[in-house]
Amino acid sequence: MYQNRRSTYAGFILIFVAIKVVLNLLAMPHFGFHRDELLYLALGDHLAWGYKEVPPFVAVIARLSTILFGSSIFAARVFCTIFAGLIIWFTGLITVELGGKKFAIALACLAMIFSPAFVASDYLLQPVIFDQFWWVLAVYLVVKYINSSSVKYLYFLGIAIGVGLLNKYTMGFFTIALIIGLLITKQRRILFNKHILGAAAVALLLFLPNAIWQFQHHLPVVHHMATLRATQLDNIKPADFISQQLLVHGIAVFLWLTGFFFLIFSFKLRKYQFLAFAYLAIFIFLLEMSGKVYYIFGAYPMLFAAGGFGFERWIKNYALRTLIICLFTLPNLIFLPMLLPVLPLNQTMAFFRFTDKNIPILQFTVIWEDQKKHATTQDYADMFGWDELAKKVADTYNSLTPDQQKHTIIWADNYGEAGAMHHYGKQYNLPDVYSLDSSFTLWTPPSLDADYIIYIDDDNNVTRRLAPLVQSYKKIGEIDYPLAREKGTEIYLLTKPNKAQLQQIYQSERAKKLLE
């Protein structure tokens, strides 16, 4: 009977998987690469067991994307779309495991599909979408084990946790949250199953290469987190984190809140009460750690699933069920063009102008980290200007004689610029870029030897620091695209640097960066 119940709804869940995939497909080719995507594509060209920002999973995905699908924007986002569909798939399966039927599945999956949080985060080549996947898979496997008592699901759980840790270390926090949730409830018996040790061994074995890499490279994750806290996380107030959790899913907030309370109080869901306490544990932890709003997104699919089950228990009338589905999905459609580039640029910008004039409550979507209002979202702005930058650098490089080109390097101040030059530079036959930002530091040579430097400057470094060290410098151009976050980033040609002085500064800063 259990097996039949699961298979009964597989085809139905696939309908919602298809909706999610189609939406992503509409968005995939629009605009340009996001700055983070350019970084991860560069990581994919330098495969290792770890990097300064992230573990290796996203780099492997980036490399596979390039090998299998090519170097286009569409190609980079294929795996993201697949995983986005899988998140919906497992949300539907969790709903079924909790006892939900078609209405519960439809409500949970549609709320997920149109939730602004998941619309915005599930189409770019970034670790966040894969993090969500490993969290939702872990929940499914625990629930599946509870329902079936089949130990294979514990070992699958070990694999999910191990690979999840190779994607983002937040998987470890969620694993601890699940353990806390289990300890608080009667399901703590799972933790005393001897096969849990086997599952833990599998997880640790999978994660071990990255752990070794971290120690070999002076634990860059510690410095990365310290930098985040100093530059970004300390600006996140607890009240902001709480309010954002109530806002990021739009109208669907009432669905996940229903799911949370059903998990705690419903007799029908008493076996799964630990999920509510796990959510509380990870919520409190991230609140105390000043975590970013999206760090916890992977915990919401289980709450949407429980919410779908709750409303299915409450509402039996088909007309009212249809109304409820519309209520929890249609209002969120207003966010779609603002968070997912389903429309061409001109129509998207017209939509922003319309909402700015007529729906001022949505202005928060165009407030960036600088707390200022802009023409578009920060994520969209991070997708513009990179091809313009590469073209202007290439024009500068090609203006040099062949002999001068042999003694020329390209330097970028930040990882977005470096990623753009690494990616687009291939089509212009440019030498690979140098940078001491992010993981690009790992690939820089121990010394510099150049007579010409094409310098991409986003912080007045040329006039402020480098001018006394070169024979001459000339501003060649800058990023002019008005919507680009990098608008105003300058391109200089530096000629005949004082190699001894430059070498001393470079080696000192490189050594410092490698220890961070």
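*Asks:* Looking at this structure, I do not really get the sheet that holds strand β3 (residues 452–457). What am I missing?
*Replies:* Strands belonging to one sheet form pairs held by backbone hydrogen bonds; the direction of such a pair is parallel or antiparallel. With mixed pairing, five strands are arranged side by side in an open sheet as β2-β1-β3-β5-β4. Each edge of the open sheet is held by one strand with a lone partner, namely β2 (433–434) and β4 (470–478). One ladder, built from six bridges, connects β3 with strand β5 (residues 490–497); its direction is antiparallel. The partner of Asp457 across the bridge, within β5, is Glu490. Across the sheet, helix α22 (residues 386–398) touches β1 (408–412), β3, β4 and β5, and the angle it forms with β3 is around 160°.

*Asks:* Is there a simple way to think about the packing of helix α9 (residues 127–148) against helix α16 (residues 273–288) in this case?
*Replies:* How two helices pack is summed up by the angle between their axes together with the distance between the axes. Taken N-terminus to C-terminus, the directions of α9 and α16 make an angle of 150°; their axes are 12 Å apart at the nearest point. Considering the angle they form, α9 stands roughly antiparallel to α16. Where α9 crosses over α16, the handedness of that crossing is right-handed. Seen from α9, the contacting residues are Trp135, Val139, Val142, Val143 and Ile146; seen from α16, they are Phe274, Leu275 and Ile282. Residues that form the contact of α9 with α16 fall into these classes: eight nonpolar, no polar and no charged.

*Asks:* Can you walk me through the nonpolar core in this structure?
*Replies:* Counting residues in each nonpolar core, the largest one holds 163 residues, and the members touching the most others are Leu125, Phe130, Tyr279 and Phe304. Of all the elements, α9 adds the most residues to this core, at 15 residues. The contacts of Tyr279, once residues within four sequence positions are left out, are Trp256, Phe260, Ile296, Ala299, Tyr300, Met302 and Leu303. One finds Trp411, Leu448, Tyr455 and Leu494 within the second-largest nonpolar core, a separate group that totals 16 residues.

*Asks:* Looking at this model, I keep getting lost on the side chain of Thr408. Mind explaining?
*Replies:* Turning to its location among the elements, Thr408 is positioned in strand β1. Within the structure, Thr408 has its side chain in polar contact with the backbone oxygen of Gln404 (distance 2.6 Å). Thr408 has contacts with Tyr397, Leu400, Pro431, Tyr452 and Ile454, leaving out every residue within four places of it along the chain.

Conventions used here
- Residues numbered from 1 in each chain as written.
- Predicted model: local features only at pLDDT ≥ 70, side-chain atom pairs only at ≥ 80, totals over all residues.
- Heavy atoms only, no water.
- Pairing = 2+ DSSP bridges.
- Helix = DSSP H or I, 4+ residues; strand = E, 2+ residues; numbered from the N terminus.
- Contact = heavy atoms within 4.5 Å.
- Axes fitted to C-alpha atoms, helices over the stretch in contact; angles between N-to-C directions.
- Parallel < 35°, antiparallel > 145°, perpendicular 65-115°, else oblique.
- Left-handed = near helix turned anticlockwise from the far one by under 90°.
- Nonpolar A, V, L, I, M, F, W, Y, C, P; charged D, E, K, R; others polar.
- Core = buried A, V, L, I, M, F, W, Y, C linked by side-chain atoms within 4.5 Å.
- Buried < 20%, exposed > 50% of the residue type's maximum accessible area, 1.4 Å probe, protein only.
- Polar contact = N/O pair within 3.5 Å; in protein donor to acceptor, adjacent residues only side chain to side chain.

These figures capture arrangement, not role.
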